[in-house]
Amino acid sequence: RLHFDTMVAHHTVYPELPHSLDFLTSVYTRFPYYKWMRMSGDKQTFFKYNALDAIATFQVKQKLEEELIEFGLRDFFYGFVMPLWHCTFRMGLRGILVDNVARAELDAELEKEAQKLQNVFNTKTHQELNVRSHTQMKKYLYETLKLPKQYHRVTHALTVDEDALEKLAKKSPQVKEILNIRKPLNLRSKLTSVRLDEDNRARTQYSQSVTDTGRLSSRKTLWRTGLNLQNVPREPEKRKMFVADPGFILIAYDLAQAEVRLVAWFAKDER
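Just so you know, these numbers come straight off a predicted model, no measurement behind them.

Here is what the cut-offs are and how they apply
- Residues numbered from 1 in each chain as written.
- Predicted model: local features only at pLDDT ≥ 70, side-chain atom pairs only at ≥ 80, totals over all residues.
- Heavy atoms only, no water.
- Helix = DSSP H or I, 4+ residues; strand = E, 2+ residues; numbered from the N terminus.
- Expected span 1.5 Å × (residues − 1).
- Buried < 20%, exposed > 50% of the residue type's maximum accessible area, 1.4 Å probe, protein only.
- Contact = heavy atoms within 4.5 Å.
- Polar contact = N/O pair within 3.5 Å; in protein donor to acceptor, adjacent residues only side chain to side chain.
- Arc of directions from axis to C-beta.
- Core = buried A, V, L, I, M, F, W, Y, C linked by side-chain atoms within 4.5 Å.
- Phe/Tyr/Trp six-rings, centres within 6.5 Å; stacked < 30°, edge-to-face > 60°.

Undergrad: What is the right way to read helix α5 (residues 100–125) from this model?
TA: Each α-helix turn comprises 3.6 residues. Residues three or four places apart therefore point the same way. With 26 residues, α5 ought to run about 38 Å at 1.5 Å a step, and its terminal C-alpha atoms sit 37 Å apart, in line with that. Looking at α5, one finds that the buried residues are Ala102, Arg103, Leu106, Asp107, Leu110, Ala114, Gln118, Phe121 and Asn122. Buried-residue contacts for α5 involve β1 (96–98), α6 (134–144), α8 (173–192) and α9 (236–239). Capping the start of α5, Asp99 holds a side-chain oxygen 2.9 Å from the backbone nitrogen of Val101, two or three residues further along. Immediately downstream of α5, the backbone of His126 shows phi near 60°, a positive value.

Given below as structure tokens:
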């Protein structure tokens, strides 16, 4: 059982800051930057890098322990945050079984749905447009339709990403149709085409230290298998490829207004 996670602990105290070990080392220790050692190509230098990583992690842990106490968060961290870490870690290790027959059926249905929408679009616009081609999309949106050019907020390059399409959909019915075509195509790439592990299970790597609010986030595993299981569509027909292990069943449950009720209870608001 893991006793302490420096990334999660720092997120508990300072959710708005970076939490990587190189950042924490620069803040909580007196070590100079040493991450270059892992790329040196020299075995002894790499061993030294490994040792520094271990020492730095322990020193960071000691400083974070002091800050958890200072902020009054030590009991919360050990009583809630770390138990949640163990829970999500076990979830990630276990994964969920996949029915390959249902998976193939769903894939075929998504392909058929996308093709049907594409045919309607082709007939209405009198042309064939590959909605996954950045080159064709840029030409169609910005030259043919003459829509306002959208630029990536980081690279500042001309873009046709999802955010850009969502904005342009408010100005153009054609872009709305393009988004509808891309939905089943995106599901195919993110759901039915993902690489499973050898035991035919889909796994997810959960994280508690990505969002400022502490809400869980998830992504593919370190081995690039599985998927973000938190974003699987809610419709039962889209989830049919995921099945319970033999002898078990899957259930869905929720608490009605749980957070609001707790706030009222702790506030002693009888009304």
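Undergrad: Sorry if this is basic, but what is going on with α6 here?
TA: Buried residues of α6: Met137, Tyr140, Leu141 and Tyr142, and no others. The buried residues of α6 occupy an angular sector of 165° when projected down its axis, which confines them to one face. Facing away from the buried side of α6 by over 90 degrees, the exposed positions are Thr135 and Lys139. In this structure, the buried side of α6 is in contact with α5, α7 (162–169) and α8.

Undergrad: Any chance you could explain the nonpolar core here in plain terms?
TA: One broad rule of soluble globular proteins: the nonpolar side chains tend to lie buried together. Core analysis: the biggest nonpolar cluster contains 16 residues, and Leu129, Met137, Leu141, Val175 and Ile178 have the highest contact counts within it. Of all the secondary-structure elements, those providing two or more residues to this core are α6, α7 and α8. Setting aside chain neighbours within four positions, we find Met137 in contact with Leu129, Asn130, Val131, Val160, Leu165, Ile178 and Arg182. Counting residues in hydrophobic clusters, the runner-up holds 15 residues, among them Ala9, Val13, Tyr14 and Leu73.

Undergrad: Would you mind going over the packing of aromatic side chains with me for this structure?
TA: For any two aromatic rings, the description comes down to two numbers: the centre-to-centre distance and the angle of the planes. Inspection of every chain in the model, using the stated rule, returns ten aromatic pairs. Considering the side-chain rings of Phe4 and Phe77, the 5.1 Å spacing of their centres and the 55° angle between planes classify their relative orientation as tilted. With a gap of 73 residues between them, Phe4 in the segment before α1 (6–13) and Phe77 in helix α4 (residues 74–94) connect regions that are remote in the sequence. The residues Phe4 and Phe77 share a single accessibility class, namely buried. With a centroid separation of 6.1 Å and an interplanar angle of 50°, the aromatic rings of Tyr34 and Tyr49 are classed as tilted. Of this pair, Tyr34 sits in the loop between α2 (21–28) and α3 (43–70) while Tyr49 sits in helix α3, and the two are 15 residues apart along the sequence.

On their own, these measurements won't tell you what the molecule is for.
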